[in-house]
Amino acid sequence: ELKVEQNPLFLSMQEGKNYTIYCNYSTTSDRLYWYRQDPGKSLESLFVLLSNGAVKQEGRLMASLDTKARLSTLHITAAVHDLSATYFCAVGLAGTASKLTFGTGTRLQVTL
Amino acid sequence: SAVISQKPSRDICQRGTSLTIQCQVDSQVTMMFWYRQQPGQSLTLIATANQGSEATYESGFVIDKFPISRPNLTFSTLTVSNMSPEDSSIYLCSVHGSRTDTQYFGPGTRLTVL
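Secondary structure summary: chain B contains zero helices and 11 strands in total. When the elements of chain B are put in sequence order from the N terminus, they spell out β-β-β-β-β-β-β-β-β-β-β. Here the C-alpha atoms of chain B give a radius of gyration of 13 Å, agreeing with the 13 Å that 2.2 N^0.38 yields for 114 residues. In terms of principal-axis extent, the alpha carbons of chain B reach across some 40 × 25 × 25 Å. Here chain B holds 114 residues, and 52% of them are scored as buried. Considering only intrachain contacts with a sequence separation of at least 6, the fraction spanning at least 24 residues in chain B is 52%. Roughly 5,500 Å² of accessible area belongs to chain B as shown, and the carbon and sulfur atoms make up 48% of that amount. Each charge class in chain B can be summarised by its mean position, and for the 8 positive and 8 negative side chains these summaries are 7 Å apart.

In this section: the side chain of Ser76 of chain B. Residue and element names in this part refer to chain B. By the secondary structure assignment, Ser76 is in strand β8 (residues 75-80). Only 2.9 Å separates the side chain of Ser76 from the backbone oxygen of Ser69, close enough to count as a polar contact. Excluding anything up to four places from it in sequence, Ser76 contacts Ile21, Gln22, Cys23, Met32, Trp34, Ala49, Ile68, Ser69 and Arg70.

As a further point, take the interface of chain B and chain A. On the chain A side, the residues contacting the 19 residues of chain B number 17 residues. Taken together, both faces of the contact between chain B and chain A bury some 1,400 Å²; the carbon and sulfur share is 53%. Put simply, chain B and chain A have one salt bridge between them. Two residues, Glu58 of chain B and Lys99 of chain A, come together in a salt bridge whose shortest N-O distance is 3.0 Å. Our enumeration of links across chain B and chain A arrives at six residue pairs in polar contact (both at pLDDT 80 or more). Listed by contribution, the elements that provide at least two residues to the side of chain B that touches chain A are β4 (31-37), β5 (43-50), β9 (89-97) and β10 (102-105) of chain B. Among the elements that take part in the side of chain B that touches chain A, β4 of chain B stands out by supplying four residues, more than any other.

Thresholds, definitions, all that
- Residues numbered from 1 in each chain as written.
- Chains lettered and ligands numbered in written order.
- Predicted model: local features only at pLDDT ≥ 70, side-chain atom pairs only at ≥ 80, totals over all residues.
- Heavy atoms only, no water.
- Helix = DSSP H or I, 4+ residues; strand = E, 2+ residues; numbered from the N terminus.
- Rg over C-alpha atoms; globule rule 2.2 N^0.38 Å.
- Buried < 20%, exposed > 50% of the residue type's maximum accessible area, 1.4 Å probe, protein only.
- Contact = heavy atoms within 4.5 Å.
- Areas by Shrake-Rupley, 256 points an atom, 1.4 Å probe, with all protein chains shown as cover.
- Lys, Arg positive; Asp, Glu negative; His and termini not counted.
- Charge placed at Lys NZ, Arg CZ, Asp CG, Glu CD.
- Polar contact = N/O pair within 3.5 Å; in protein donor to acceptor, adjacent residues only side chain to side chain.
- Buried area = accessible area lost by both parts, 1.4 Å probe.
- Salt bridge = Lys/Arg side-chain N within 4 Å of Asp/Glu carboxyl O.

Printed below as a string of structure tokens:
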């Protein structure tokens, strides 16, 4: 059974600071996704990571994947208040890539 | 990208009743997925809906409780049957975009059971 662990569960950070969210998973995977969810909203796709060593960046967010360590990170650079949301990683089992197992989510609060 | 719509967006229902949630996609897709997000929790896959065959349910979910229809390649319904307050959740449908390798999610249906 695929298990996905995310930490921290809650993160309060000041504007301008850097921080990293970690996503560990238990078995071989084809792909890893990062999503953002605002309160009362659906999921917004941020990144799709498909291979070992993949790194993607969009604005202040950068995601990376280490398939050997079964670890993905979401790095936040110089946080701003607009980044406040819940972030989920989700992993697709090898061969069943469209069926996703989600991490617990990290609720990020960026304070002024 | 795939554009997904769901109806209703929210509903408040009485215990013991059933609600059918509709999901419409703007392009043809082989598989559609139904997820549940309980309050303050992460998402859990309920089932995979394939056109022309029975849905495949994940552990802990059964057809009698969550019957699914998939009449064509752009539409699916999920029924939440004989509801109890524990069924209060957001239900989301999802599809895979083959060109972008992205998994897209609908806006969700927020269900409250009294």
